[in-house]
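Residue strings, one per chain:
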Amino acid sequence: MFSKVLFGRFVPTNSLIHRLDPRAKLVLSLYFIVIIFMANSWQTYAWLAAFTLGVILSTKVPLKFFWDGIRPLVWIILFTVILQIFFSSGGHVYWAWGILSVTQFGLVNGVYIFCRFLLIICMSTVLTLTTQPLMIADAVEALLKPLAKLKVPVYELALMLSIALRFVPTLMDESQKIMNAQRARGVNFGTGSLIKRVRSLIPILIPLFISAFNRAEDLATAMEARGYSGGEGRSKYRLLHWHRADTVACVVMLGVTLILFELRYLA
Amino acid sequence: MHKMITVQDAVYSYSDDEHLVLKNITFDVERGEWVSIVGHNGSGKSTMAKAIDGLLKLTSGAIEIDGTALAEDTVWKIREKIGFVFQNPDNQFVGATVADDVAFGLENRHVSHDEMVAKVDEALHLVHMEAFADREPAGLSGGQKQRVALAGVIAMRPEIVILDEATSMLDPEGRQEIMQLMRELKQTYDFTVLTITHDIDETAFADRILLIDDGELVAAGTPEQVLTNGTDLVDRGLELPYAERLLNQLNLLHIDVPQQYMTNDQVVKWLCQKLNSSK
Amino acid sequence: MALPKIEFKQVAFTYQPNTPFAVKALDHINLEIPENSYTAIVGHTGSGKSTIIQLLDGLLLPTSGSIRVDENVISATSSNAQLGRIRSQIGIVFQFPEAQLFEETVLKDIAFGPQNFGKSEEEAFALAREAMQLVGLDADLAERSPFELSGGQMRRVAIAGVLAMKPSILILDEPTAGLDPRGQRETMQLFERLHVDQHVTVILVTHQMEDAAQYADQIAVMNGGQLVKVAEPAQIFANPQWLKDNHLTVPKTTQMAHELERGGFTFNPYPLTLEQLAVQIKRQLESRTQ
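All figures in this text were calculated on a predicted structure; none of them were measured in a lab.

## As for the environment of C:Val157
All names here are of chain C.
Part 1 of the reasoning: Following the sequence through the fold, Val 157 ends up in helix α5 (residues 151-163).
Part 2 of the reasoning: Given a relative accessible area of 1%, Val 157 falls into the buried group.
Part 3 of the reasoning: With residues up to four places along the chain from it excluded, the contact list for Val 157 reads Leu 101, Val 106, Ile 110, Leu 137 and Leu 149.

## Re the domain arrangement of chain A
Part 1 of the reasoning: We note that the domain assignment places domain 1 (16-131 + 242-266) and domain 2 (153-226) within chain A.
Part 2 of the reasoning: Computed over C-alpha atoms, the centres of domain 1 of chain A and domain 2 of chain A are 37 Å apart.

## A short note on empty space enclosed by the protein
Part 1 of the reasoning: Applying the stated rule across the entire model yields 4 cavities of 30 Å³ or more.
Part 2 of the reasoning: By volume, the largest cavity amounts to about 330 Å³.
Part 3 of the reasoning: A:Glu141, A:Leu159, A:Arg234, A:Lys236 and B:Glu107 are, among the 20 residues lining the largest cavity, the residues nearest its centre.
Part 4 of the reasoning: For the lining of the largest cavity, the secondary-structure elements that each account for two or more residues are α7 (133-144) and α8 (154-184) of chain A together with α3 (98-108) of chain B.
Part 5 of the reasoning: Partitioned by chemical class, the residues of the lining of the largest cavity number 9 nonpolar, 4 polar and 7 charged.
Part 6 of the reasoning: Approximately 90 Å³ is the volume found for the second largest cavity.
Part 7 of the reasoning: Contributing to the lining of the second largest cavity are A:Ala225, A:Arg226, A:Gly227, B:Arg79, B:Ile82, B:Gly83, B:Phe84, B:Gly105, B:Arg109, B:Gly152, B:Val153 and B:Met156.

## Focus on the state of the cysteines
Part 1 of the reasoning: Applying the stated criterion across every chain yields a total of 0 disulfides over all chains.
Part 2 of the reasoning: With no disulfide of its own, A:Cys115 lies 11 Å from the sulfur of A:Cys122, the closest cysteine sulfur.

## Things to note about the interface of chain C and chain B
Part 1 of the reasoning: Every contact between the two is made by 32 residues of chain C and, on the other side, 34 residues of chain B.
Part 2 of the reasoning: Joining chain C to chain B, the criterion identifies 1 salt bridge.
Part 3 of the reasoning: A salt bridge links B:Asp201 to C:Lys252, with the nearest nitrogen and oxygen atoms 2.5 Å apart.
Part 4 of the reasoning: Applying the counting criterion to the chain C and chain B interface returns 10 residue pairs in polar contact (both at pLDDT 80 or more).
Part 5 of the reasoning: Mapped by element, the contributors of at least two residues to the side of chain C that touches chain B are α6 (181-198), α10 (252-262) and α11 (274-289) of chain C.
Part 6 of the reasoning: With 11 residues, α11(C) is the single largest residue contributor to the side of chain C that touches chain B.
Part 7 of the reasoning: By residue class, the composition of the side of chain C that touches chain B is 12 nonpolar, 12 polar and 8 charged.

Criteria and thresholds
- Residues numbered from 1 in each chain as written.
- Chains lettered and ligands numbered in written order.
- Predicted model: local features only at pLDDT ≥ 70, side-chain atom pairs only at ≥ 80, totals over all residues.
- Heavy atoms only, no water.
- Helix = DSSP H or I, 4+ residues; strand = E, 2+ residues; numbered from the N terminus.
- Buried < 20%, exposed > 50% of the residue type's maximum accessible area, 1.4 Å probe, protein only.
- Contact = heavy atoms within 4.5 Å.
- Domains from an automatic or database assignment.
- 1 Å grid on protein atoms, 1.4 Å probe; cavity = no way out; pocket = protein on both sides within 12 Å on 5 of 7 lines; lining within 4 Å.
- Points joined across faces, edges and corners; volume = space filled by probe spheres on them.
- Nonpolar A, V, L, I, M, F, W, Y, C, P; charged D, E, K, R; others polar.
- Disulfide = S-S within 2.5 Å.
- Salt bridge = Lys/Arg side-chain N within 4 Å of Asp/Glu carboxyl O.
- Polar contact = N/O pair within 3.5 Å; in protein donor to acceptor, adjacent residues only side chain to side chain.

Following this line, the structure appears as structure tokens:
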């Protein structure tokens, strides 16, 4: 019931994008976010937007899910855009009042910032809608692997991340149950003064913490019984496979970059 | 006979407490035997089970598993022989999916990837959960989660399987499923089985029953010996088997009942004979 | 005839309505629960039992239809004030209720409910002490932290916390889950005493058919979000095959009676408890000897 709150939930459609290796998807999304900052003209933005739209359509995920990802951030975007419009200067001045002014550059910058935000959100939503959280965790582990040589406990961190993900629904469920029990005992959440509202959380948070600690203790015992004695040398059941499609995706991204630079210096 | 588990004078107390959770418990279990430890909540039965797996350290006493004394340097070797299923289905599910969870123990033992895939598939097949391999635990029932836990145990081919109140949080259907499954698996692999329970019905498949009350081993023997009125199970917070209770009730109504222990089927047979012979 | 205490009228409930994830949990529920009655709601896991409980206490609001509790009505548009009035007369013992404990002391935790419903601290503590006695908790435990207690004692504290609100309706969701046989017996007897002595209307949601057979005067059977049958226990348990079709376990007494019938015994009415079974066996054995 709560999974909607979690960063754009996984929607299985088995598209080409879904089947890409999570490492490829993670690295390429991060890379794309970086090159968005290279765009500097309407041609470059148009090119990146067209590419993003192409990717979105190829996921076969209904567009509504992307809108769900953007909606909670609408206010932040608008706020930033407005700041940008009013506070940047240069070019033709359309309107001025004290330190506030609407200028040609301001408007253009505002539009660019808006595009930048939109592209970043869309691309990261593509990642989360087409990749299970667990796969993202696997990709992070694989990418951080070289750090293990520097004594960074990469395996332990990855296991922690995967266990945390696995327990999110359990704890959500638990908090709903505790909330029901306290409401049945007369607690009214979300009414009254701020202090009253904060205080009404205590009967939820304390049982939730206690239950989480008990679960952690049980889990540790169970892991020990199953022979877990640290991350060192464990074999892996879930292997990531790099396919030709992943290489192709990298090449495509390279092509996108080349065209972007072409457009950038053309202008 | 080959002794699989030997427990000698087991004593346990929490460090800051004088109260003894286990008081000089001595028993042994033979290879291939199914033994049930029964007792009320807080009687110490779970503590005993955890001590056998080295999950807690006895205050005094000795435990031997398959001829090896349990000690700090042998505990990991010994745990390889023991598969443990705990009470709470949610709190022992480590993996993010069913297959990942079954693989967890194999990963700990550095099993190669191909071998692991084969073992996970086989184990899931044995507990009838192969269709759920990629499912996340959140969507499973308690009984299904415990079946996954059992698959994780079977994949390791243990010598001993310990079910520590593994069915107490399940609905009656899940409970029956797990016990039935355990019975099938035992017939295939001939593990030594130790079940910890307060539910007398779950001792149905046991060769021998140990009754623990307040940390003391108060009775040990075959179901026929332990599950009769004589061992005052009710006073010890437990219950007599249904057939035994019915016989008691009939006895109260002045019907002569046989003195020996009878199962449900035997009681039905005896009553029907009595009815028809009195025609 | 007096109006029933609780009345479900055409109640339906859908989780996440109008989304692609909509799940219909209940449909066409019509159920009457008379004053001072003991009703058991039984059904397979996921049959809609826990949704019914949450609807009864206004923790969820019905998608359509209405529930009347005395003179208060719960519908899709009920206000918080209305729900508050209903909650003040309903006590719910949730499954594993010890998970709701949070206060520093046993007494404070038990007094939490009464205080929320407007009792002064003094009154609430008096009610709490009374409830402790009712559930068999030693008065010495009042100032202890509930988290230092044993599992069985914590369960009693949680139950006392519900009883201290003096509910006229008590909803029990698998109240004996995880308890050993003695704990189970004592807990069920406590609720029976409240039902008989203080005329509390009890609604028991359970998988334990033995308890439903022994204590309830009507049983509501749920399957797949529908109410498939409401009847007296003797009627519900007369047909083992019907029970199995609805994913219910057959009580041991029913099972035994059924097997005895194959060997020549006849039972009418069907025995619900071990004692009833024994009496009927005796009667039949003796009538044959004469």
